[in-house]
Amino acid sequence: MRPLRQSCRDLAGLLEVWRKGMPRGSVRAEVAVVLGAQVLKGGRPSTTLRARAEHAALLYGAGRVRRIIVTGGVGENPPSEAEVMADILRSRGVPGEAILLEREALSTWDSALLVAAMLRRIGVDGVLLVTDPLHCVRAVEAFKEAGVDAVAEPAYESPMWYRKWRRAGQLLREAAAIVWYRFHHGIGSRRDTPGP
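In this report, we go over the structure that sits alongside the text. Within every chain, residues take consecutive numbers counted from 1 along the sequence as written. Side-chain atom pairs in this predicted model are given and counted only at pLDDT of 80 or more, local residue features only at pLDDT of at least 70, and totals for whole chains, interfaces and linings cover all residues. Calculated side-chain values reflect all of the structure's heavy atoms, with hydrogen atoms and water omitted.

1. Let's talk about the overall build of the chain
Line of reasoning, step 1. The secondary structure content of the chain amounts to 7 helices and 7 strands.
Line of reasoning, step 2. Starting at the N terminus and walking to the C terminus, you meet the elements of the chain as α-β-β-β-α-β-α-β-α-β-α-β-α-α.
Line of reasoning, step 3. When we talk radius of gyration, it's over C-alpha atoms, and the globule rule is simply 2.2 Å times the number of residues to the 0.38. Expected size for 196 residues packed as a compact globule is a radius of gyration near 16 Å; at 16 Å, the chain falls within 12% of this value.
Line of reasoning, step 4. When its C-alpha atoms are laid out on the principal axes, the chain stretches across 50 × 40 × 35 Å.
Line of reasoning, step 5. Taken across its 196 residues, the chain has 50% of its residues classed as buried. The secondary structure listing takes helices from DSSP runs of H or I that are at least 4 residues long and strands from runs of E that are at least 2 residues long, numbered from the N terminus. Categorising residues by exposure relies on relative accessible area from a 1.4 Å probe, with only protein chains included: less than 20% of the type maximum marks a residue as buried, more than 50% marks it as exposed, and the intermediate range marks it as partly exposed.

Here you go:
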């Protein structure tokens, strides 16, 4: 019964974000993690991918983070989401040595597990997690399940937020994904112990 009860709480939280958004904080962290999105033909970033990467560049420029991990593998179109985001970050003045790439993840869950392993190697356990506002709900839970203290850093510049029809579509997608993650991946079931 616990997964169902937790899913209901998560869905209520998702609806609250959909209605009011979520606050952007002034929290500082050693690392921001930017979750990938679609790469278009010719290796061009989708507007969602660009919005997330540019938001992370702003965090770096404001001194809120010292390093940025970009995560995402190769989808339909090469190169990897991580490589495309790294290019955007460099074009926005983030030095190459401040950018770490995770090029294998094909889902939010993959990103959580693979980035958690990277963070353990560099001795970091807390991050700012950059993604679309509605995706933040599930993404933060996945990262916490993997043992990462993640604070949502929503990218309101994403068309998944500011285009109302896309926001409605993402609401439905995220609602289904929250329930799927809760039951398939056990999100929330190991709350007191770090993941692998």
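2. A few points about the pattern of salt bridges
Line of reasoning, step 1. Here, a salt bridge means any Lys or Arg side-chain nitrogen found within 4 Å of an Asp or Glu carboxyl oxygen. The tally for this structure, following the rule as stated, stands at 10 salt bridges.
Line of reasoning, step 2. Residue Glu153 is joined to Arg64 by a salt bridge in which the shortest nitrogen-to-oxygen separation is 2.9 Å. Of this pair, Glu153 sits in strand β7 (residues 149-154) while Arg64 is found in the loop between α2 (47-61) and β4 (67-71), placing the two residues 89 residues apart along the sequence.
Line of reasoning, step 3. Judged by relative accessible area, which is 1%, Glu153 ranks as buried.
Line of reasoning, step 4. Among the residues examined, Arg64 registers a relative accessible area of 12% and is labelled buried.
Line of reasoning, step 5. Put simply, Glu30, Arg66 and Arg67 are held in one network by salt bridges that share partners.

3. A closer look at the environment of Gly42
Line of reasoning, step 1. Its location among the elements puts Gly42 in the loop between β2 (39-40) and β3 (44-45).
Line of reasoning, step 2. Among the residues examined, Gly42 registers a relative accessible area of 80% and is labelled exposed.
Line of reasoning, step 3. Once the C-alpha coordinates of Gly42 and Pro79 are considered, the two residues, 37 residues apart in sequence, prove to be 8.7 Å apart.

4. Considering unusual backbone geometry
Line of reasoning, step 1. Geometrically, the link from Pro78 to Pro79 is a cis peptide bond, its omega value of 0° lying close to zero.
Line of reasoning, step 2. One can find Pro79 in the loop between β4 and α3 (81-91).

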